[in-house]
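Here is how the chains run, residue by residue.
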Amino acid sequence: MKLDSKVCIVTGAASGIGKEIALTYAREGAKVVIADINLQAAQAVADSIAALGGTAMAVTMDVTREAEVDDAVAKVVAAYGGVDVLVSNAGVQIVHPVEEFPFAEWKKMLAIHLDGAFLTTKACLPHMKASGRGGSIIYMGSVHSKEASVLKSAYVTAKHGLIGLCKTVAKEGGAHGIRANVICPGFVRTPLVDKQIPEQAQALGLSEAEVIAKVMLKETVDGEFTTVQDVAEVALLFASFGSNALTGQSLVVSHGWFMQ
Ligand code: NAD
């Protein structure tokens, strides 16, 4: 198994992409921590992993609150003895044209995506260094870490920012065998995207089918959504890679929407 007994914290793992990463890591032998603002849903994911014979715990964590992040990481270290992998994945989407974007919503977006990545990284790094085993930190970016779309100024800004954080953590972590990488998915059918389809249809004056075909999947090579499994496979690669050769990178998994 690729992650035998590795302790892996996945934020936003109660739903969508994070949940699939948690299930994939558990199948590969990891001790998985389902960290989410929604404790009830996180516990359900942990229970489903346990029912399949895996090892998992749920912790409540609002990634924008430093004390909550620190408490949750301390709980994980007390229960499982350390942290080997952090997947900073929790995220939301809010769309408005720039001139109509409420400042409070802009700040909320940057807090969840950027403060959340920073705070969880800050809390996990000392444990990765202390273990002497190194570690892997994975940020959930997006094609919007590379590209822009109308209405998504806060999201695009935050997702671009994760690349800067990743490169810095890769440099600071290198001497300790701590790698940092970004996954950049295209559109994946999760609750986050299902919510956007009617919102974008209204904002752009299109039907929902047109939003999918003409906005979301227009630039892909085959008109297909990326799947949670596609993203989880990349998350497994970054978590289990054996050396610092693969660090400071961002990998786009988007059916060719963005090519670099
Ligand atoms: P989702 O809505 O299915 O899941 C997001 C999870 O994050 C939920 O369980 C939610 O409770 C949790 N969360 C929200 N705010 C939180 C907070 N403050 N603290 C802790 N947990 C919080 O969404 P998803 O599509 O699985 O998105 C996961 C990540 O993938 C996000 O960072 C998103 O930007 C990114 N992403 C998604 C897509 C896509 O098309 N779905 C594409 C590229 C990147």
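Structure report, in brief. Every chain begins its residue count from 1, and numbering advances along the sequence as written. With the structure being a predicted model, the display of local features is reserved for residues of pLDDT at least 70 and the display and counting of side-chain atom pairs for 80 or more, all residues being used for whole-chain, interface and lining totals. In computing side-chain properties, one takes all heavy atoms of the structure into account and sets aside hydrogens as well as water.

## A short note on the environment of Ser153
Thought 1: For helices the rule is a DSSP run of H or I covering at least 4 residues; for strands it is a run of E covering at least 2, with both sets numbered from the N terminus onward. Tracing the backbone through its elements, the reader meets Ser153 in helix H5 (residues 153–173).
Thought 2: For Ser153 and Thr24, which are 129 residues apart along the polypeptide, the C-alpha to C-alpha distance reads 32 Å.
Thought 3: Beyond its immediate chain neighbours, meaning those up to four positions away, Ser153 contacts Val98, Phe101 and Trp106. The contact definition used throughout considers only heavy atoms, calling two residues in contact when any of these lie within 4.5 Å.

## Thoughts on the pairing of strand E3 (residues 55–60)
Thought 1: Bridging between strand E2 (residues 31–36) and E3 involves 6 bridges; their strand directions are parallel. If you follow Asp36 over to E3, its bridge partner there is Thr60. Two strands make a pair as long as DSSP finds a minimum of two bridges between them.

## Let's talk about the sheet that holds E2
Thought 1: Reading across the sheet, the 7 strands line up as E3-E2-E1-E4-E5-E6-E7 and stay open at both edges, with parallel pairing between neighbours. In this open sheet, the two edge strands, each paired with only one partner strand, are E3 and strand E7 (249–253). Looking at each pair of strands side by side, their axes are set apart by 20° on average, direction ignored.
Thought 2: Note: strand E6 (residues 178–185) against E7, 5 bridges, orientation parallel. Each bridged residue has a counterpart across the sheet, and for Ile183 the counterpart in E7 is Leu251.
Thought 3: Geometry is summarised by axes, namely lines fitted to C-alpha atoms with helices restricted to the contacting stretch, and by angles between N-to-C directions that run from 0 to 180 degrees. Sitting on the sheet, helix H3 (residues 66–80) is in contact with strand E1 (7–11), E2 and E3, with an inclination near 155° to E3.
Thought 4: Across the sheet, helix H4 (residues 103–131) touches E1, strand E4 (85–88), strand E5 (135–140) and E6, and the angle it forms with E4 is around 180°.

## Some words on the site of the ligand
Thought 1: Neighbouring the ligand are 29 residues; Ser15, Asp36, Tyr155, Val188 and Thr190 lie closest to it.
Thought 2: Polar contacts here mean pairs of N or O atoms no more than 3.5 Å apart (in protein, one a potential hydrogen donor and the other a potential acceptor; neighbouring residues in sequence count only if both atoms are side-chain atoms). Contacts to the ligand include Ser15, whose side-chain N or O atom sits 2.6 Å from an oxygen atom.
Thought 3: Within the contact set of the ligand, an oxygen atom lies 2.6 Å away from a side-chain nitrogen or oxygen of Asp36.
Thought 4: What sets the accessible areas is the Shrake-Rupley method with a 1.4 Å probe; for residues, cover comes only from the shown protein chains. Its free accessible area being 830 Å², the ligand has 92% of it covered by the protein chains.
Thought 5: Those elements that provide at least two residues to the shell around the ligand are helix H1 (16–27), H4, H5 and helix H6 (191–204).
Thought 6: A total of 3 residues in the shell around the ligand trace back to one element, the largest contributor, which is H6. For this purpose, a residue is taken to be near a molecule or strand whenever a single non-hydrogen atom of the residue falls within 4 Å of it.

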